[in-house]
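Descriptive structure summary
Chain residues, written in single-letter form:
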Amino acid sequence: DTEVTQTPKHLVMGMTNKKSLKCEQHMGHRAMYWYKQKAKKPPELMFVYSYEKLSINESVPSRFSPECPNSSLLNLHLHALQPEDSALYLCASSQEGSLSGELFFGEGSRLTVL
Amino acid sequence: KNEVEQSPQNLTAQEGEFITINCSYSVGISALHWLQQHPGGGIVSLFMLSSGKKKHGRLIATINIQEKHSSLHITASHPRDSAVYICAVEPNTGNQFYFGTGTSLTVIP
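Below or above, wherever it landed, is the structure these notes cover. (Residues numbered from 1 in each chain as written. Chains lettered and ligands numbered in written order. Predicted model: local features only at pLDDT ≥ 70, side-chain atom pairs only at ≥ 80, totals over all residues. Heavy atoms only, no water.)

**Points about the overall build of chain A**
Note the following rule: Runs of E in the DSSP output that reach at least two residues are strands. Runs of H or I that reach at least four are helices, and both are numbered from the N terminus. Note on method: radius of gyration uses C-alpha positions; expected globular size equals 2.2 Å times residues raised to 0.38. Buried residues are those whose accessible area, probed at 1.4 Å on protein chains only, stays under 20% of the maximum for their type, while exposed residues exceed 50% and partly exposed ones sit between those limits. Contacts are assigned to residue pairs that have any heavy atoms within 4.5 Å of one another.
Helix and strand counts for chain A come out as zero helices and eleven strands. Each helix and strand of chain A, ordered N terminal to C terminal, gives the series β-β-β-β-β-β-β-β-β-β-β. In terms of C-alpha radius of gyration, chain A reaches 13 Å, essentially the compact-globule figure of 13 Å for 114 residues. If one aligns the C-alpha atoms of chain A with their principal axes, the spans along those axes are about 40 × 25 × 20 Å. Classification of the 114 residues of chain A by burial places 46% in the buried group. Across chain A, the fraction of contacts at a sequence separation of at least 24, relative to all contacts at a separation of at least 6, is 54%.

In structure tokens form, the structure reads like this:
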């Protein structure tokens, strides 16, 4: 299994809603990432989990709350989002460490905030 | 300041043409990745390179570590190659990947 699975594929939410994005991989990868991508822009790193611990938080607003319940799962909890948070949210995983870091991406969750 | 620069930003080619996309970076790296993103969003990893050259089918990727430069070549291009190609580098200082801004390729039949 060489897949990173993200759900849901599409999500529309209001500014007062609470929702979650989910990401799952079964490749034994120990690094997992959340990226945000706006149209025609490269992915922007939000969070990195390494061995289930948050290792990088790129000054992301607290309305985005990541969670790594176990080595295969990564969640992104969303609360009180703004319309400018509408974007494609990509999850990725890689082996920990250099020279073995082939990056595997999910298909993304396209989020629209009304 | 972008750690990774790609050129060209946009590229239109006729079917069958040989295509080259370039990537230059400014940091020390442990690996460089070429990614393909189709409309709709999904990103696929094409290559991971730390030296030399790799080939998968019609795709060839090369890297020159001394010059901090990599190229992605597509031979006998086809309309299904139309996508955004993104160069990403894995710095040798940590987990964070740096991404180029992507090259949008359109191959016309």
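**Remarks on the environment of B:R80**
All names here are of chain B. For R80, the position within the fold is in the loop between β8 (69–74) and β9 (83–91). A residue is classified by how much of its surface remains accessible, and R80, at 54% relative accessible area, is exposed. Expressed as a C-alpha distance, the spacing of R80 and Y98, which sit 18 residues apart in the sequence, is 27 Å. Once residues within four sequence positions are removed from consideration, R80 is found in contact with H38 and R58.

**Thoughts on the interface of chain A and chain B**
Our working rule: Note: buried area is the sum, over both parts, of the accessible area (probe 1.4 Å) each one loses when the two are combined. Put simply, a salt bridge is a Lys or Arg side-chain nitrogen that is within 4 Å of an Asp or Glu carboxyl oxygen. For the purposes of these results, a polar contact is taken to be a pair of N or O atoms within 3.5 Å, where, inside protein, one atom must be able to donate a hydrogen and its partner to accept one; residues adjacent in sequence count only when each atom of the pair is a side-chain atom. Under this grouping Gly is polar, as are all residues other than the nonpolar Ala, Val, Leu, Ile, Met, Phe, Trp, Tyr, Cys and Pro and the charged Asp, Glu, Lys and Arg.
Facing 27 residues of chain A, the contacting portion of chain B comprises 19 residues. Carbon and sulfur atoms make up 59% of the area that chain A and chain B hide from each other, which totals about 1,700 Å². Summed over the shared surface of chain A and chain B, the number is zero salt bridges. Between the two partners, chain A and chain B, sit one residue pair in polar contact (both at pLDDT 80 or more). Of all elements in the fold, only β4 (31–37), β5 (44–50), β6 (53–57) and β9 (87–94) of chain A reach the threshold of two or more residues within the side of chain A that touches chain B. If you tally residues by element for the side of chain A that touches chain B, the top one is β4(A), at four residues. Among the residues forming the side of chain A that touches chain B, the class breakdown is 13 nonpolar, nine polar and five charged.

**Quick word on the layout of surface pockets**
The following threshold applies: With a 1 Å grid spanning the protein atoms alone, the term cavity applies to any set of points in which a 1.4 Å probe fits but cannot get out, the term pocket to an open set with protein on both sides within 12 Å along at least five of seven lines, and the term lining residue to any residue with an atom within 4 Å of a point. Grid points are joined across faces, edges and corners, and a volume is the space filled by probe spheres set on the points.
Empty space within the largest pocket amounts to approximately 590 Å³. In this structure, the largest pocket is lined by 23 residues; those nearest its centre are A:A39, A:K40, A:K41, B:Q37 and B:V84. Among the elements of the structure, β9 of chain A together with β9 and β11 (103–108) of chain B are those that each provide at least two residues to the lining of the largest pocket. For the lining of the largest pocket, the element with the highest residue contribution is β9(B), accounting for three residues. For the lining of the largest pocket, the per-class residue count stands at eight nonpolar, eleven polar and four charged. What the second largest pocket holds in volume is close to 400 Å³. Along the wall of the second largest pocket there are 22 residues; nearest its centre are A:K36, A:P42, A:P43, A:E44 and A:L45. Among the secondary structure elements, those contributing two or more residues to the lining of the second largest pocket are β5 of chain A together with β10 (98–99) of chain B. Considering every element that reaches the lining of the second largest pocket, the biggest residue donor is β5(A), with three residues.

**Quick look at the sheet that holds strand β1 (residues 4–7) of chain B**
Residue and element names in this part refer to chain B. Inclusion rule: When DSSP locates at least two bridges between a pair of strands, those strands are taken to pair. Here the axes come from fitting lines to C-alpha atoms, over the contacting stretch only for helices, and the angles between their N-to-C directions go from 0 to 180 degrees.
Across the sheet, which stays open at both edges, the five strands sit in the order β1-β3-β8-β7-β6 with antiparallel pairing between neighbours. Since the sheet does not close on itself, it has two edges, and those belong to β1 and β6 (52–56), each with one partner. Here the strands of the sheet are splayed against their neighbours by 15° on average, with no regard to which way each runs. Alignment of strand β7 (residues 59–64) against β8, held across six bridges, turns out to be antiparallel. In the sheet register, L59 faces β8, and the bridge partner there is I74.

**Brief notes about the packing of aromatic side chains**
Rules: Any pair of Phe, Tyr and Trp rings, taking the six-membered ring for Trp, is counted once the centres come within 6.5 Å. Such a pair is stacked with planes under 30 degrees apart, edge-to-face with planes over 60 apart, and tilted for the rest.
Scanning all chains against the criterion turns up six aromatic pairs over all chains. Note on A:F64 and A:Y89: the rings are 5.8 Å apart at their centroids and 35° apart in plane angle, and the pair reads as tilted. Of this pair, A:F64 sits in strand β7 (residues 64–70) while A:Y89 is found in strand β9, placing the two residues 25 residues apart along the sequence. Among the aromatic residues, those joined into a cluster by ring pairs are A:Y33, A:Y35, A:F105, B:F97 and B:F99.

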